[in-house]
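Fold and contact review
Take a look at the letters that make up each chain.
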Amino acid sequence: MSKLRLTDIKKSYNSGEVVQALKGVSLEFRESEFVSILGPSGCGKTTLLNIIGGLDRYDEGDLSLGGSSTKHFKDKDWDAYRNASIGFVFQNYNLISHQTILQNVEIALTLSGVSVAERKERAKQALESVGLGDKLKKRPNQLSGGQMQRVAIARALVNNPDIILADEPTGALDSQTSLQVMDILREISKTKLVIMVTHNGDLAENYSSRIIHLRDGEVQSDSNPLMLNDKPGKAAATQGSGKLSPGKTSMSLLTAMSLSFKNLLTKKGRTLITSFAGSIGIIGVALVLALSNGLSNYISDMQSETLAGFPLTISQGVQQIQTPQPPDGSPFANSGSSGEEFPEGDVMYRYDSAANVEQHVNVLTEDYFRYIADIQDALPGAVNAVSYSNGVEMNLLAKAEDDVVKFETSSGMAMDRPSGFGGTPAYWQELPDNDEFILSMYDLIGEGSRYPSAANEVALVVDEYNRLDKAFYEKLGIFSDHAEWKLSDFIGKTMMKAVPNNSFYTETENGLFIPSAADSYEVLFGSDEGIELTITGILRIKEDGATTSGYLSEGLAYTPALTEYVVEQAQQSDIARAQMDSDRDVILNAPFANDEAKELRLKSLGADTTPSSINIFPKDFAAKDKIKQYLDDYNDTREEADQVVYSDMSEMIGSVIQTVLDTVSYVLIGFAAISLVVSTIMIGIITYVSVLERTKEIGILRSIGARKKDISRVFNAETLIVGFVAGAIGIVISYALASAINVLIANALGIQGLAQLTAAHSAALVLGSMFLTLIAGLIPAKAATKKDPVIALRTE
Ligand code: ADP
Ligand code: MG
């Protein structure tokens, strides 16, 4: 369709001195003919061909296609023109060595956006038309020169261009294969314009329909010229038709990926080493993340568990307060503090410790309880649990074997952590109203083990050896020497009962109350009165927990619901009412020693249900500080006498650890970041080497219509693949190292699973690696797009 016309084309090169390669060439070509261009070396033949093919730009004059000028053409128009209208055949074939024959031919079609199936089909047809239908899967280096040149012709033909440009296509071939190639070109010239540069005058003579001689950048002779400007009307009529504005060429990311992937496969060793080097930075960051992640989990667990043992405690009644500063006056008189720690001199002091202690009476009012009840809302997430102990005494009976025994709980003085504050353990404690808190520290062990939830359900707590003290078994009524039991001997078993006051105490005529005697326990246990308690599960501290001392101690743990049930019953019991009205102890029939003794008795009988102490369990040390602030806020607005003081048993354990941990992580992250930067720079350099190596490929891609963007895409794809492989290698190695580190740490320090690499971090690191290598490759990729396709093609 197109009539190709050159008008006074001039082109010079400036490499030190100015060389005028073309000095004003005017030529017009027919739509189909076989033109041979002859001339001595250096006369401008290749330059002319490159300008016709849009690989090189003319300086002056005009190249018109189907009557329309190309002066306004932009890069993308030339790219599209090359892709749609031109097929190049070079002397040295210019095939991409890491692609198969079929892929070499297909590549031109991938640029013009043809579907995969059609692409394959057309590439196959083109190869069949040059007699290579049986070599599709071969690589260029497995073919002879003549065969490679036929592949190049097939590639030139596959887009069905109007013009085939062949630059000394037979220059590297023996005469026999030269003839085969010439036959093919002559066949093509029946329907297309074929312009061939050759040194061989005989071949030109025998095969072409027109011979143009070039000398020193000028046309010397033309055997079959076309009159310039003839039939202008016809030229105008064809203007704009056909493929001259074929839109854009574009390479899909997938094509770029597959090109780069194949290229990387040809240098597997180097790719692996590059990726491995790139992965070192990733490994560094991954391990730092894993360790700091694991450590901060560990520390927050440890804090939680430590604080589970050392709650903030608020108790009713007289409190001793250590005043931190000595009273005004001489510091020597009271505190012995001279203001100087670790004095050097020959000096000793005397001080009065009692003067440092103040007494305060806590009165826990309704107001205060409400204030504490609001704490979860006021400080969300800061409190693990709040527990109240009101000294109500439960009347418990146990029957594990033959005899029913009384399961003694401590008196009203008992805290709900039976062993934590000295004295004999009660083996009987209330669970906090937060099962998640407990289950974060404890495992339920044994088949069918389940966390107790109702009033009639209790849990058994064993130590880390699955042990319980002999005294506990005896409290349950098991006196045999049997030392070993099955978990299933207890799970699901009902061997206890809480008996209400009214059944447990018998009122005498003179208003006294007598507790049931041992010989009536059997009857009480069998009666309908009270609530039977079933062991629903067995709790044991978690193996990978930060500490082995937890919130719970050995023995039985009951639900707050049971307390509620018992308190309700006790409050309405006859003995509680009687005790309210009497100044004498209704059990002992004696006067109380003081008011506090009476209060205790009222509490133990359930007549007085105000809690005698409150325990607040902070989540961590930071939360503890907030809670203390919250408690101080209550006092700020109140008179001295109405203030409520608390005791903080964990005051000694500071939050220094967290600070140390943070510092260490920052330093480690700094080192890891440096290795990341180094490996990124290295990947940049290696990509640059790859650009240098693939210069020829860049030229080939440009010659078949690839845009600059496509070229950078090819290299970006390469760095993305390297980045992905580096990231993947890094993550795999990091997981392996993390497990090794965990084993080492577990052996050395007994801390389980310290290095924890999360899936989210892993994914982020792989993406980060791809991103970094992409950044590292941007400059080399940009350099690749800047390469002049003509020069790129000349490199070997
Ligand atoms: P031919 O193909 O006829 O041998 P060329 O077209 O390759 O000749 O070259 C014509 C002239 O232009 C030569 O003198 C060559 O040195 C010069 N030339 C070609 N390409 C370049 C280039 N990219 N830079 C500088 N000089 C060039
Ligand atoms: Mg040449």
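Residues numbered from 1 in each chain as written. Chains lettered and ligands numbered in written order. Predicted model: local features only at pLDDT ≥ 70, side-chain atom pairs only at ≥ 80, totals over all residues. Heavy atoms only, no water.

Some remarks on the packing of helix H3 (residues 101–111) against helix H5 (residues 145–157)
Contact geometry for H3 and H5: axes closest at 8 Å, N-to-C directions at 30°. Considering their axes alone, H3 and H5 lie roughly parallel with respect to each other. For H3 against H5, the interelement crossing comes out right-handed. In contact with Ile101, Asn104, Val105 and Ala108 of H3, H5 contributes Val151, Ala154 and Arg155. Looking at the contact of H3 with H5 residue by residue, the class counts come to five nonpolar, one polar and one charged. (Axes fitted to C-alpha atoms, helices over the stretch in contact; angles between N-to-C directions. Helix = DSSP H or I, 4+ residues; strand = E, 2+ residues; numbered from the N terminus. Parallel < 35°, antiparallel > 145°, perpendicular 65-115°, else oblique. Left-handed = near helix turned anticlockwise from the far one by under 90°. Contact = heavy atoms within 4.5 Å. Nonpolar A, V, L, I, M, F, W, Y, C, P; charged D, E, K, R; others polar.)

Considering the pattern of salt bridges
This model, assessed by the stated rule, comprises 33 salt bridges. Between lysine 598 and aspartate 583 there is a salt bridge, with the nearest N and O atoms lying 3.6 Å from each other. Remark: aspartate 583 occurs in the loop between helix H19 (574–581) and strand S25 (584–585) and lysine 598 occurs in helix H20 (residues 595–605); sequence separation between them is 15 residues. Owing to a relative accessible area of 61%, aspartate 583 belongs among the exposed residues under this scheme. (Salt bridge = Lys/Arg side-chain N within 4 Å of Asp/Glu carboxyl O. Buried < 20%, exposed > 50% of the residue type's maximum accessible area, 1.4 Å probe, protein only.)

Describing the confidence of the model for the chain
This prediction gives the chain a mean pLDDT of 84; 90% of its residues lie at or above 70. For the stretch residues 230–246, pLDDT sits under 50, and the model shows 22 contacts to residues farther than four places along the chain or on other chains. Within the model, pLDDT remains below 50 along residues 325–331, and this stretch shows seven contacts once partners closer than five positions in the same chain are excluded. (pLDDT = per-residue confidence, 0-100.)

Some points on empty space enclosed by the protein
Here the structure, examined in full by the defined rule, presents six cavities of 30 Å³ or more. One number sums up the size of the largest cavity: a volume of about 100 Å³. Among the secondary structure elements, those contributing two or more residues to the lining of the largest cavity are helix H10 (268–309), helix H22 (656–693) and helix H24 (708–749). If you tally residues by element for the lining of the largest cavity, the top one is H22, at four residues. Of the residues assigned to the lining of the largest cavity, the class counts are four nonpolar, five polar and three charged. (1 Å grid on protein atoms, 1.4 Å probe; cavity = no way out; pocket = protein on both sides within 12 Å on 5 of 7 lines; lining within 4 Å. Points joined across faces, edges and corners; volume = space filled by probe spheres on them.)

Quick notes on the sheet that holds strand S5 (residues 68–69)
Read from one edge of the open sheet, four strands run S2-S1-S4-S5, paired in antiparallel fashion. Pairing within the sheet leaves two strands with one partner each, and these edge strands are strand S2 (17–28) and S5. Pairing geometry for strand S4 (residues 60–65) and S5, over two bridges, is antiparallel. Across the sheet, residue serine 64 finds its bridge partner in S5, namely serine 69. Relative to the sheet, helix H1 (residues 45–52) contacts strand S1 (4–15), S2 and S4, its axis offset from that of S1 by approximately 120°. (Pairing = 2+ DSSP bridges.)

Some points on the environment of methionine 148
Of note, methionine 148 is situated in helix H5. Judged by its relative accessible area of 16%, methionine 148 is buried. Residue contacts for methionine 148: discarding those within four places in its chain leaves Tyr93, Leu95, Pro140 and Leu143.

Comments concerning a nonpolar patch on the surface
A cluster of nonpolar side chains, namely Val660, Val664, Val667, Leu668, Phe671, Ile674 and Val678, defines an oily patch on the protein surface of about 640 Å² accessible area. Here phenylalanine 671 is to be found in helix H22. (Patch = residues over 30% accessible without salt bridge, like charges linked within 9 Å, V, L, I, M, F, W, Y side chains within 5 Å. Areas by Shrake-Rupley, 256 points an atom, 1.4 Å probe, with all protein chains shown as cover.)

Considering the UniProt feature "transmembrane region" (unreviewed entry) in the chain
The positions that UniProt labels "transmembrane region" (unreviewed entry) are, in the present scheme, residues 272–292, 666–692, 713–738 and 758–779. When the span residues 272–292 is considered, its composition is 100% helix and 0% strand, and the gap between its end C-alpha atoms is 29 Å. With 100% helix and 0% strand, residues 713–738 has its two end C-alpha atoms placed 36 Å apart. (UniProt positions renumbered as here; feature names shortened; annotations may be inferred.)

Notes on helix H12 (residues 366–373)
Burial in H12 covers these residues: Tyr368, Phe369, Tyr371 and Ile372. The buried residues of H12 all sit within an arc of 155° when viewed along its axis, so they share a single face. Exposed and oriented more than 90 degrees from the buried face of H12 are Glu366 and Arg370. Elements in contact with the buried residues of H12: strand S11 (312–315), helix H13 (375–378), strand S14 (383–389), strand S27 (613–618) and helix H21 (621–636). (Arc of directions from axis to C-beta.)

Looking at the nonpolar core
The nonpolar side chains of a soluble globular protein tend to be buried with one another. Formed by 88 residues in total, the largest nonpolar core has its most connected members in Leu4, Leu185, Ile195 and Leu701. Counting residues domain by domain, this core receives three or more from each of domain 1 (4–248) and domain 2 (259–304 + 656–794). With sequence-adjacent residues up to four places away left out, leucine 4 is seen in contact with Leu27, Glu28, Phe29, Ile52, Leu63, Ser64, Leu65, Tyr81, Ile163, Leu193 and Ile195. Val405, Phe472, Ala498 and Leu533 belong to the second largest nonpolar core, which has 34 residues in total. (Core = buried A, V, L, I, M, F, W, Y, C linked by side-chain atoms within 4.5 Å. Domains from an automatic or database assignment.)

Observations regarding the sheet that holds S27
Spatial strand order, S14-S27-S11-S28: four strands in an open sheet with antiparallel pairing. With partners counted over all chains shown, the strands left at the sheet margins are S14 and strand S28 (647–648), one partner each. Relative to S28, S11 runs antiparallel, the two being bridged by two bridges. Paired with leucine 312 across the two strands is aspartate 648, which belongs to S28.

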